[in-house]
Amino acid sequence: MKFPWLELALTGFGATAGEAEVDEKVHNVAVIAGSSTAYYLSRFAETLPTNAPALNITIFEKTDRVGGRSLTVSAPSGQPVELGASIFITKNEILLNATRDFDLALGNLREGSPGDITAIWDGQEFVYQTTDGESWWWDVGKMFWRYGMSPYRAVNLVKDTVGRFLELYEEHNFPFRSLSAKVYELGLVKQTGITGSELLKQKNVRHMVSCNDAERTDKKQIDEKFARHIIQAATRVNYASNLAFIHGVEAMVSFATEGAVSVEGGNWQIFDKMVQSSGATLHRNTSVTSISRPKQDGKYFVSTKIDGSASAAEAYSIGFDEVVIAAPWQFSQITTDASVLRHKIEEVPYTKLHVTLFTSPYRLHPQFFGLAPGAKAPSNVYTTLSEDETPASGADGVGRTGFYSISTLKTTNNPNTGRLEFVYKIFSAEAISPAFLSSVLGTAVPDSFTGDKSPISWYHPAWFHSYPIELPRVTFQDPVVGDGVWYTGGIESFISTMETSALMGMNVAKLIVDEVGSFPQKGGEDKVAEDMYGKGADGPGDEL
Ligand SMILES: Cc1cc2nc3c(=O)[nH]c(=O)nc-3n(C[C@H](O)[C@H](O)[C@H](O)COP(=O)(O)OP(=O)(O)OC[C@H]3O[C@@H](n4cnc5c(N)ncnc54)[C@H](O)[C@@H]3O)c2cc1C
Ligand SMILES: *[C@@H]1O[C@H](CO)[C@@H](O)[C@H](O)[C@H]1NC(C)=O
Ligand SMILES: *[C@@H]1O[C@H](CO)[C@@H](O)[C@H](O)[C@H]1NC(C)=O
Ligand SMILES: *[C@@H]1O[C@H](CO)[C@@H](O)[C@H](O)[C@H]1NC(C)=O
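The structure displayed is predicted, hence computed values, not measured ones. (Residues numbered from 1 in each chain as written. Chains lettered and ligands numbered in written order. Predicted model: local features only at pLDDT ≥ 70, side-chain atom pairs only at ≥ 80, totals over all residues. Heavy atoms only, no water.)

1. Here's the deal with the site of ligand 3
Step number 1: Lining the immediate surroundings of ligand 3 are D64, R284 and N285.
Step number 2: The side chain of N285 places a nitrogen or oxygen atom 2.3 Å from an oxygen atom of ligand 3.
Step number 3: Taken by itself ligand 3 offers 360 Å² of open surface, and the protein chains cover 29% of this. (Near = heavy atom within 4 Å. Polar contact = N/O pair within 3.5 Å; in protein donor to acceptor, adjacent residues only side chain to side chain. Areas by Shrake-Rupley, 256 points an atom, 1.4 Å probe, with all protein chains shown as cover.)

2. Thoughts on helix α6 (residues 140–147)
Because an α-helix packs 3.6 residues into every turn, residues spaced three or four apart end up facing the same way.
Step number 1: Those residues of α6 that sit buried are V140, M143 and Y147. Along the long axis of α6, the arc covered by the buried residues comes to 55°, so they all point the same way.
Step number 2: Against the buried residues of α6 lie β8 (126–130), α7 (150–166) and α13 (224–239).
Step number 3: Phi turns positive one or two residues past the end of α6, at G148, with a value near 60°. (Buried < 20%, exposed > 50% of the residue type's maximum accessible area, 1.4 Å probe, protein only. Helix = DSSP H or I, 4+ residues; strand = E, 2+ residues; numbered from the N terminus. Arc of directions from axis to C-beta. Contact = heavy atoms within 4.5 Å.)

3. Here's the deal with the site of ligand 2
Step number 1: The environment of ligand 2 is formed by V26, N28, N56, T58, T281, Y316 and I318.
Step number 2: Within the contact set of ligand 2, an oxygen atom lies 3.0 Å away from a side-chain nitrogen or oxygen of N28.
Step number 3: Considering ligand 2 on its own, with 360 Å² of exposed area, one finds that the protein chains cover 60% of that surface.
Step number 4: Counting residues per element, the ones that place at least two in the shell around ligand 2 are β1 (26–32) and β2 (54–60).

4. As for the packing of α6 against α7
Step number 1: Remark: α6 packs on α7, axes separated minimally by 8 Å, with the N-to-C direction vectors making an angle of 130°. With respect to α7, the axis of α6 lies oblique. Listed contacts from α7 to V140, G141, M143, F144 and Y147 of α6 are S150, P151, Y152 and V155.
Step number 2: Looking at the contact of α6 with α7 residue by residue, the classes come out as 7 nonpolar, 2 polar and no charged. (Axes fitted to C-alpha atoms, helices over the stretch in contact; angles between N-to-C directions. Parallel < 35°, antiparallel > 145°, perpendicular 65-115°, else oblique. Nonpolar A, V, L, I, M, F, W, Y, C, P; charged D, E, K, R; others polar.)

5. Observations concerning empty space enclosed by the protein
Step number 1: Throughout the structure, instances matching the rule amount to 3 cavities of 30 Å³ or more.
Step number 2: If you add up the space inside the largest cavity, you get close to 90 Å³.
Step number 3: Lining the largest cavity, in full, are Q330, I345, E346, V348, Y350, P468, Q477, Y487, G489, G490, E492 and S493.
Step number 4: Taken together, the residues of the lining of the largest cavity sort by class into 5 nonpolar, 5 polar and 2 charged. (1 Å grid on protein atoms, 1.4 Å probe; cavity = no way out; pocket = protein on both sides within 12 Å on 5 of 7 lines; lining within 4 Å. Points joined across faces, edges and corners; volume = space filled by probe spheres on them.)

6. Some points on the pattern of salt bridges
Step number 1: Counting across every chain of the model gives 13 salt bridges.
Step number 2: With its nearest N and O atoms 3.1 Å apart, the salt bridge here joins D160 to R164. Taken as a pair, D160 and R164 lie in helix α7 at a separation of 4 residues, close to a single helical turn.
Step number 3: Between K182 and E185 there is a salt bridge, with the nearest N and O atoms lying 3.0 Å from each other. (Salt bridge = Lys/Arg side-chain N within 4 Å of Asp/Glu carboxyl O.)

7. Some points on the packing of aromatic side chains
Where two aromatic rings form a pair, the distance of their centres and the angle of their planes describe that pair.
Step number 1: One pass over the structure, following the stated rule, counts 26 aromatic pairs.
Step number 2: A ring pair is formed by F60 and F320, whose centres lie 6.2 Å apart and whose planes are at 85°; its orientation type is edge-to-face. In this pair, F60 is assigned in strand β2 and F320 in the loop between β13 (314–315) and β14 (322–325), connecting sequence segments 260 residues apart.
Step number 3: For F320, a relative accessible area of 0% translates into the label buried.
Step number 4: Note on Y147 and F226: the rings are 5.2 Å apart at their centroids and 65° apart in plane angle, and the pair reads as edge-to-face. You can see Y147 sitting in helix α6 and its partner F226 sitting in helix α13, a full 79 residues away along the chain. Each member of the pair, Y147 as well as F226, is classed as buried.
Step number 5: Aromatic ring contacts, followed pair by pair, group W121, F126, F368, F369, F403 and F436 into a single cluster. (Phe/Tyr/Trp six-rings, centres within 6.5 Å; stacked < 30°, edge-to-face > 60°.)

8. Topic: the sheet that holds strand β15 (residues 335–336)
Step number 1: Taken in spatial order, the 4 strands line up as β13-β12-β11-β15 in an open sheet, and their pairing is mixed. Here the strands that pair on one side only, and so sit at the sheet edges, are β13 and β15.
Step number 2: Relative to β15, strand β11 (residues 286–292) runs parallel, the two sharing 2 bridges. Bridge pairing in β15 places S290 opposite T335. (Pairing = 2+ DSSP bridges.)

Now the structure itself:
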């Protein structure tokens, strides 16, 4: 049935369609901070027949800026520095396409100099080091002498996981109403259901990899040292987690850094451009405080409040046919009527991560890492646990090293002194102290961090609920949480990245547009709807 809404319009709804035309021809969608949802709503809406209702999108954003956990700050020189999400991989189609479509240049995440050392530290010694710069954990050839076939096995496992994940974008899987069902169908539930350490210990790795001939005969597990030294350094820098407390898929995602890129000037620009290009009305500084549906099957109403103001929340002027919640629910401080959420949105534990940016002319101090005075200290230090440490989760899991990573991002000119300085970034479980910085730099840092006599010229500490603590699980919060109420945040317990959040936004957008294209009005049984457009193959809104 190509245009089911037309048939209905000619029958049941025909009589009133004339009078109510103005109203019924606009389908109002409230989007709570979802730039990719808004963008793809407008893109997919282009495929609707001309007499389908027009989508009118309203975005509410609590802060003054678009991008959420993707945000950039300026060093004193004016150079942009990523405070939040910093990299994505070129296989991330939504983000990569956006950089192409919006003419955003891809930049170098880190501007190292030849000979810069990147090292993995366990709190006692460097367990691995390289002078290769960016793609250090991918140079499996160089790791062979040390870890044998384990790096190859790990790389194949990552390829397999990423390959299966990418099937979610394919026509036969997209759009999807149930993330749990898709994770199961793609065969990824075997990996989300166990920890990274368990996954890497499995002997039958070859059954899970799409392997080349050389690998076909290889049935051995991944070496414990390789897992702890290399892969755990990756899960710690990417998800602040040890391998024993992160599920297999997210552990593999941590190690999937092939083709890592970022947007010159800041990744947030992708999301800002998405909002602009969507044609949506954007209300900045505006928190949604409540969602209600006074009449059964009627419109949804939201209350909003200017963020940070003492004034009371006010009812927003128009009613909505759909509401998309694209912010982590548990931190959004939104209340709802009993009838709004048909499915409870589960609270999940999030990691609290401290991100500290600072500039200093000092290099990292060799003695802090137990090196001889005068030895060349590394520019980038990733960390892991040593053999005698018992892994723990959350902040306790950081272990003897006391931090997850320290990176030298770039050099910068101090605008006051003209000196060349380094821009550093530290990921840690606790706020960084002056004492810690004094040891790391080998010179006294005052309690004020900066100031006349300080070796630190700029200090910018921040913390985030950065991502869920990715414990093993086999079901995920589905995007359909009510009748015309959608939630994108459930995907973060599966994979928490900019791309996956954008993918869920695109998915919800497609589900909404398919519904708008199928019916003159929202409503009807999920089951009926599922049969009509569930496979994503039949609706008028099919092609992008
Ligand atoms: C330090 C750090 C490093 C990271 N590194 C990477 C990385 O390298 N690569 C990567 O892909 N991912 C990385 N991530 C993860 C990535 O940032 C997130 O997965 C992704 O940004 C989530 O996007 P989101 O839109 O779902 O949520 P968010 O980015 O959290 O956006 C939610 C938005 O909702 C708004 N909001 C909240 N409540 C309300 C309300 N009531 N009303 C209106 N608006 C509201 C917020 O202001 C915010 O703008 C990192 C995260 C952090 C913190
Ligand atoms: C479209 O949305 C804007 C912003 O919320 C609103 O002001 C306007 O009234 C809406 N238009 C219609 C026809 O509903
Ligand atoms: C949002 O609030 C900030 C800080 O109060 C203010 O500087 C900015 O102009 C506001 N932006 C809008 C669009 O109202
Ligand atoms: C990205 O662009 C390619 C080439 O134009 C297109 O085939 C693909 O569908 C796009 N992907 C997404 C997610 O928009």
